[in-house]
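# Structural overview
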Amino acid sequence: MNANNKKFRMVALDLDGTLLNSNHELSDATIAHLRRLNAKGFVVAIATGRSAACAAHIIEKLNLSPIQQTYLVGNGDSKEGFPLVCTNGARGLKIRKSQSDIGGVACHKAPHRSNTVPLDSTNNSTNNEDNQTPTNPFLRRTLIINEELFHNPLSTSLTLQTLALANRLGCVTNYYHNHHIYAVVRNEEQMELTRRYGRLTGSIELYCYLNDGSGENGEQSKAVYNEENAYGYQQAMELGPPSKLLILCNTQKLDEITNLVRKELNGSCNNALSNDNADGTQQQQQRANVIRGTPPFFVEVLSATVHKGHGLLQLCESLSIPLEEVIAFGDGDNDLEFVQMAGWGVAMKNARDILKGVADEIAEWSNDEVSLRLYMFLPFTGGMFVLTMR
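Residues numbered from 1 in each chain as written. Predicted model: local features only at pLDDT ≥ 70, side-chain atom pairs only at ≥ 80, totals over all residues. Heavy atoms only, no water.

## Topic: the overall build of the protein
From N to C terminus, the protein includes 13 helices and 20 strands. The proportion of buried residues among the 390 residues of the protein is 54%. Counting only carbon and sulfur atoms, one obtains 46% of the accessible surface of the protein, whose full area is about 16500 Å². (Helix = DSSP H or I, 4+ residues; strand = E, 2+ residues; numbered from the N terminus. Buried < 20%, exposed > 50% of the residue type's maximum accessible area, 1.4 Å probe, protein only. Areas by Shrake-Rupley, 256 points an atom, 1.4 Å probe, with all protein chains shown as cover.)

Here it is in structure tokens:
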């Protein structure tokens, strides 16, 4: 099988390690190429492990034409917005620029913001400790959610089990609800891990600490965290279930912790779902999709059926675009199903070996090589891909 003469209408792109370079930046050349594709009728979509808010500045910088962001849905109505699969397939959205005379799903202002939200050491920070001048497009309301296409959050039981496990391991957990990330930080090491993740994704101002976060006066080590207070996350759980949970940990312990989380949540879970085998015995179904993070300092936990591939399928159904007409680019473990399910799946040169093993093609360039930006466009301009125009 090859891509010659296949019809493609959409390109779906992972962000970190794929569209963005190792500094997590979007180049001007990449923007120009994507705008050119979009202007020719190609649908450009993002599929990322990040939350919508953590991808918002990328969408805003791309600034694709609003006319080209209008896609037909099944009933013939037009819905405007940039197509986004976020939180590793748990949520699908259409994002558009805010207009004063048009309503939308406004961003949720966190009621539990702390004075200890770290605002230093990042280009995306603000000098205002109370965050009166936010930089995130959702917090500024320059971008809004025009439509939520789907959302598959964690169950209450899986959420509590994951929080309990992270608590036992001495790890801090990111709790994703709407545009914010809720965390209980007990020492400086955990605070630094949240800062690192915040710098990586431009999400520092999205953090809401549910305790004082300092860990300097010894009080946090004396605090009691148990199931009754959701291991410190009770206030977050009262807002609603998380789209995903992310356990931050030391890089040297990542593989050990990833395997442990998989075993604890799926391998020996007493209340796991089960199906009957042909011989009458029961087989245990996994309750969680556990993903090794990239860069390697976190473990992601999602509902069992949630992954970027399923998110891409749901997005395509909402846009009336067959999966066979989608080209997908990725680099990490979380891109496995995403690359497998697309009409043509491409693994980056810098991709994990496990992804290269399932991809239809391996790119000749890494995400740090500018020539990579031409990879998906040269075949198009040369006539290899037949574009179905809208």
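## A closer look at the pattern of salt bridges
Tallied over the entire structure, the rule returns 14 salt bridges. Put simply, Arg168 and Glu264 hold a salt bridge, and the shortest N to O gap is 3.1 Å. Placement of Arg168 in helix H4 (residues 156-169) and of Glu264 in helix H8 (residues 254-267) is noted, with a sequence separation of 96 residues between them. Look at Arg168 and you get exposed, because its relative accessible area is 53%. Salt bridges linked by common partners bring Glu188, Glu192, Arg195 and Arg199 together as one network. (Salt bridge = Lys/Arg side-chain N within 4 Å of Asp/Glu carboxyl O.)

## Digging into the pairing of strand E2 (residues 10-13)
Because side chains alternate across E2, one face comprises the buried residues Met10 and Ala12, and the other comprises Val11 and Leu13, equally buried. Handedness of the β-α-β unit built from E2, helix H1 (residues 28-39) and strand E3 (residues 43-47) comes out right-handed. (Right-handed = clockwise from strand over helix to strand, strands pointing away.)

## Some remarks on the environment of Gly170
Secondary-structure assignment places Gly170 in the loop between H4 and strand E9 (172-177). Residues Gly170 and Arg186, 16 residues apart in the sequence, show an inter-C-alpha distance of 9.1 Å.

## So, H4
Here H4 is 14 residues long and its end C-alpha atoms lie 20 Å apart, about the 20 Å a rise of 1.5 Å per residue gives. Among all positions in H4, only Leu158, Thr159, Leu160, Thr162, Leu163, Leu165 and Ala166 are buried. Where the residues of H4 are buried, they touch E9, helix H7 (234-239), strand E12 (245-248), H8, strand E15 (288-292) and strand E16 (298-303). (Expected span 1.5 Å × (residues − 1). Contact = heavy atoms within 4.5 Å.)

## Things to note about the sheet that holds strand E18 (residues 344-347)
Reading across from one edge, E8-E7-E6-E3-E2-E17-E18-E19 is the order of the eight strands in this open sheet, with mixed pairing throughout. Either end of the sheet is taken by a strand with one partner, and the two such strands are strand E8 (143-151) and strand E19 (361-362). As paired strands, E18 and E19 are joined by two bridges and run parallel to one another. Counterpart to Val346 in the pairing with E19 is Glu361. (Pairing = 2+ DSSP bridges.)

## Describing unusual backbone geometry
Residues Thr294 and Pro295 are joined by a peptide bond in cis, for which omega reads 0°. Position of Pro295 among the secondary structure elements: in the loop between E15 and E16. You will see that His24, though not glycine, has its phi angle at about 60°, which is positive. For His24, a relative accessible area of 23% gives the class partly exposed. Even without being glycine, Asn178 reaches a positive phi, approximately 50°. Along the chain, the position of Asn178 falls in the loop between E9 and strand E10 (180-183).

## As for the nonpolar core
In terms of nonpolar packing, the biggest core is built from 105 residues, with Met10 and Tyr197 touching the most fellow members. With eight residues, the single largest contributor to this core is helix H2 (residues 52-62). Not counting residues within four places of it along the chain, the set of residues in contact with Met10 comprises Phe42, Val43, Ala45, Leu312, Leu315, Cys316, Leu319, Ile321, Glu325, Val326 and Ile327. (Core = buried A, V, L, I, M, F, W, Y, C linked by side-chain atoms within 4.5 Å.)

## Observations concerning the sheet that holds E10
Taken in spatial order, the six strands make up an open sheet running E11-E10-E9-E12-E16-E15, and their pairing is mixed. Among the strands making up the open sheet, the edge pair consists of strand E11 (207-209) and E15. Put simply, the sheet's adjacent strands are angled 25° from each other on average, direction ignored. As judged from the three bridges shared by E9 and E10, these two strands associate in the antiparallel manner. Directly across from Tyr176, in E10, lies its bridge partner Ile181. Relative to the sheet, H4 contacts E9, E12, E15 and E16, its axis offset from that of E12 by approximately 5°. (Axes fitted to C-alpha atoms, helices over the stretch in contact; angles between N-to-C directions.)

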